[in-house]
Amino acid sequence: MSVYVLCFILFSIGLYCVLRKRNLIKIIIGIGIMEYAVNLFFILIGYRFEGRSPIYAHDKVIKNMVDPLPQAVVLTSIVIGLSVTLMLIAVAMRIYERYKTFDITKINRLKG
Amino acid sequence: MIEIHLILLFMITAAVIAVEVKDLLSSVVAIGSVGIGLSLAFLVLKAPDLAIMQLVVEILSLIILVRATMRKDLPFSISGRWVFNTFATIFFLIVFLTAAYIALKNIQSFGNPVLGISKTYIDKGMEMTGASNVVAAITLNFRSLDSLGEAMALLTSVIGILAVARRIGYNKRS
Amino acid sequence: MRLAQYLIIIPLAAAFVMLLARKRFKSSSDILAVAASLSLTVISFVIALSTASGKAVVNNVGNWPPKIGISLVADGLSSFMLVIANFITLVVSVYSIAYIKKYTDKWKYYSLLMLMAAGVNGVLATSDIFNLFIFMEIASIAVYALVAFGTEREAMEASFKYAVMSTVASSFILMGIAFLYSYTSTLNMADMAIVIASKGPSKVIAFVSVLFLMGFGLKAALVPFHAWLPDAYSSAPATIPAMSSGVLIKSLGVYVIIRIFFNVFGITQEVLNIFITLAVLSMLTGSIMAFGQSNIKRFFGYSSISQIGYIFLGLGIGTPMAIAGSLFHLFNHSAAKSLLFLNAGDIETNFKKTDLNKMSGAAVLARTPVCGYTNLAGMFSICGVPPFAGFWSKLIIILACIQARRPFVAFIAVFVSILTIAYYFRAMTPVLFGEKTGEAAIELKNKPSLTMNLAMIALSLICLFGGVLLLPNNIGNNLLNCARSAIENGCSGYAAILFGAAK
């Protein structure tokens, strides 16, 4: 239970960074922290005390594997998080070329 | 499970450093350490494939982030407008954490998962697919549409970056 | 015949071939895109025919039984939305043949468009919640890149803000999926419905509902999560708001909210009240903010926010008539709003102006008649002028409000409808009808092209004759009824389709 609470505190730190920081790169870092927290939460859900990795052994029958499905899910989720982060960084670099600043309060030409 | 708590405390400290420090390069290095902490956590939670994957992806995104911040004079980030925005954000986060705590009390306690379809994967995975790594069997065999989608997402991201990085956007002739 | 998987394979193959053939066959990308979207439209019509005659299409990927593997299911609601989404993709591809000439590197545009179509088809056809998340991310990444396609400053700024807000929403959604997996220990939506129904009301489901409303509400541009929409629409090339407003908001936002709240969680009165509150907020905010706009695409964007409010109003009332009206309004709004955005692109290409204040006197109706008359058709449909299709859908929603004994909400719906007529005619009449001569004249820089006119005429025919979906005993009406009953049957109906067809 306390592990879950710590994981959510990590998520909130990332959310705070996205909502409050002015630098574009800090916002991307905040999104990265949020993704780490969500992936960790998935794996924490599937953990079993005294569990073993979900890999078969030749000679014995393993009775207490941890849950393999969240691991497959997080495998895909890490890659999707990488794709979105790459896209964000590319757009941020182009913004720096055009606006000459990373400050989001100055990148404000669209109004209404 | 004292190791998980220690690793999580380390990650939280590194995340706070990444968020608050003024120098951009230092905060990129701090988020690198959050990623390595996550990879260690995956190892302790008995998910070796994920630890490898997280390390590789972490290194990739770190390199690209450093490239994005390196050549641009290391601009320092300045504190923004304070009072109302910060209090509103902290209030929203407190409400969110309280609601999450109430919901977390009602799911399975840590360390005793309820296995639904995972039971079928564990019991019959070897005979259905012939793979000894159950996670590989799930990713490549049972849920192969997910892996196709993951490859499509990478393809979309690459074509998107090519489209965004064009030097000339408009045709001059028309 | 395993049809549903081709919905994802064909656009992926088209995007891949465009990527490979980009240097050798430069003009092949338009032909490939139109051919792919044409075949997608044909496949979705065939699926819709099969569903409307009572037999849902279930496709188990890899031949694994439904709970163990992923299944692609096209029940009534999915087939209805598939027809809408693929037809609008076809129209936009045809339109883009001429429109994309003013941008460089058109193969990138077409392959991103095809990948977006693949993502949307995946969201509509899948029955597994994590698979839905993956395809939703594919479509979203494609849209972030397409909004920034013009590579001007405002486009990059709008794309970044849209991408950040949308990624935060996706994190909330993934967190909700994690909670749901821990609560039900399955990822298949039909199986989840059975487990949730057997466990009864719970605090976990309430928290996950809030997370999903925040996350998918941002994708659906519900107020207060609509802030990305005006910026993203005003700075993108005109076909992108047409695709986004006609296809993405409806598929990634409205469809998923319907699927999750009606078929997986089971609808309760509190959730319906929340829908009505958000709907009223959306209708009022969209209409009031649309009055002061000068950029034409931004103006249409606020109108989109307002019309999405109507769709949620119908869903929130919850009676069968209201749900049918809401689905019909979804259909009409997709056709009409995409038509209006394509018209805006046409005006932009022909007259080179996007500012409404500077365009008065352009006399669009007289000089480019196809654009002008189709614009009138789209406007009449959205404003709700009989006999255009929009009138019937708004009438059904308002009558359903009155029948459900909520006269206050019906009054607001009528008031917003009057506001809609007011702001549309105030903004568009000088552009369509006036004529300035002499020095202040606005000149026609380009002749209108055939493919753009064809696309606009096709959509305007739907706006004009869309009311035929309400007449009994034709194929459209059967499809609408199938969609409505798929929603009303709730959790048990969805599970029955998935597991029943597996035998």
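Residues numbered from 1 in each chain as written. Chains lettered and ligands numbered in written order. Predicted model: local features only at pLDDT ≥ 70, side-chain atom pairs only at ≥ 80, totals over all residues. Heavy atoms only, no water.

Caption draft 1: Broad picture of the pattern of salt bridges. Going through the model one piece at a time under the given rule, you end up with 15 salt bridges over all chains. Linking D103 of chain A and R22 of chain A is a salt bridge whose minimum nitrogen-to-oxygen distance equals 2.6 Å. Of the two residues, D103 of chain A sits in the segment after α3 (68–99) while R22 of chain A sits in the loop between α1 (2–20) and α2 (24–45), which places them 81 residues apart along the sequence. The two residues D103 of chain A and R22 of chain A agree in class, both being buried. In this structure, the salt-bridge partner of K119 of chain B is D123 of chain B, at a minimum N-O distance of 3.9 Å. Linking K119 of chain B with D123 of chain B, this pair stays in helix α5 (residues 117–129), spanning 4 residues, or about one helical turn. (Salt bridge = Lys/Arg side-chain N within 4 Å of Asp/Glu carboxyl O. Helix = DSSP H or I, 4+ residues; strand = E, 2+ residues; numbered from the N terminus. Buried < 20%, exposed > 50% of the residue type's maximum accessible area, 1.4 Å probe, protein only.)

Caption draft 2: Main features of the interface of chain C and chain A. Between chain C and chain A, the residue contacts involve 37 residues of the former and 38 residues of the latter. Surface buried jointly by chain C and chain A totals about 3,400 Å² across both partners, of which 78% is contributed by carbon and sulfur atoms. In this structure, the connection of chain C to chain A is made through 0 salt bridges. Where chain C meets chain A, there are 4 residue pairs in polar contact (both at pLDDT 80 or more). Elements with a minimum of two residues in the side of chain C that touches chain A: α5 (129–147), α6 (153–184), α9 (228–234) and α12 (296–317) of chain C. Looking at the side of chain C that touches chain A element by element, the count peaks at 21 residues for α6 of chain C. Tallied by class, the residues present in the side of chain C that touches chain A amount to 21 nonpolar, 8 polar and 8 charged. (Contact = heavy atoms within 4.5 Å. Buried area = accessible area lost by both parts, 1.4 Å probe. Polar contact = N/O pair within 3.5 Å; in protein donor to acceptor, adjacent residues only side chain to side chain. Nonpolar A, V, L, I, M, F, W, Y, C, P; charged D, E, K, R; others polar.)

Caption draft 3: Just the interface of chain B and chain A, in detail. With 94 residues of chain B at the contact, the number on the chain A side is 67 residues. Here chain B meets chain A over a buried area of about 7,600 Å², counting both sides, of which 76% is carbon and sulfur. Along the contact surface separating chain B from chain A lie 2 salt bridges. The shortest N-O distance in the salt bridge between R167 of chain B and E97 of chain A comes to 3.4 Å. Viewed at the interface, chain A and chain B are joined by 16 residue pairs in polar contact (both at pLDDT 80 or more). Looking at the side of chain B that touches chain A, the elements with two or more residues in it are α1 (2–20), α2 (24–44), α3 (48–70), α4 (83–104), α5, α6 (134–142) and α7 (144–164) of chain B. At 14 residues, α3 of chain B tops the list of elements feeding residues into the side of chain B that touches chain A. Tallied by class, the residues present in the side of chain B that touches chain A amount to 56 nonpolar, 23 polar and 15 charged.

Caption draft 4: The domain arrangement of chain B, seen in detail. You can read the domains of chain B as domain 1 (1–77) and domain 2 (130–174). Each of domain 1 of chain B and domain 2 of chain B has a C-alpha centre, and the two are 24 Å apart. (Domains from an automatic or database assignment.)

Caption draft 5: Local environment of a nonpolar patch on the surface. All names here are of chain C. Taken together, the side chains of M321, W392, L395, L399 and L470 define a hydrophobic patch exposed on the protein surface, amounting to about 380 Å² of accessible area. Sorting elements by how many residues they give to the nonpolar patch places helix α17 (residues 389–403) first, with 3 residues. Tracing the chain through its elements places W392 in helix α17. Given the relative accessible area of 33%, W392 is considered partly exposed. (Patch = residues over 30% accessible without salt bridge, like charges linked within 9 Å, V, L, I, M, F, W, Y side chains within 5 Å. Areas by Shrake-Rupley, 256 points an atom, 1.4 Å probe, with all protein chains shown as cover.)

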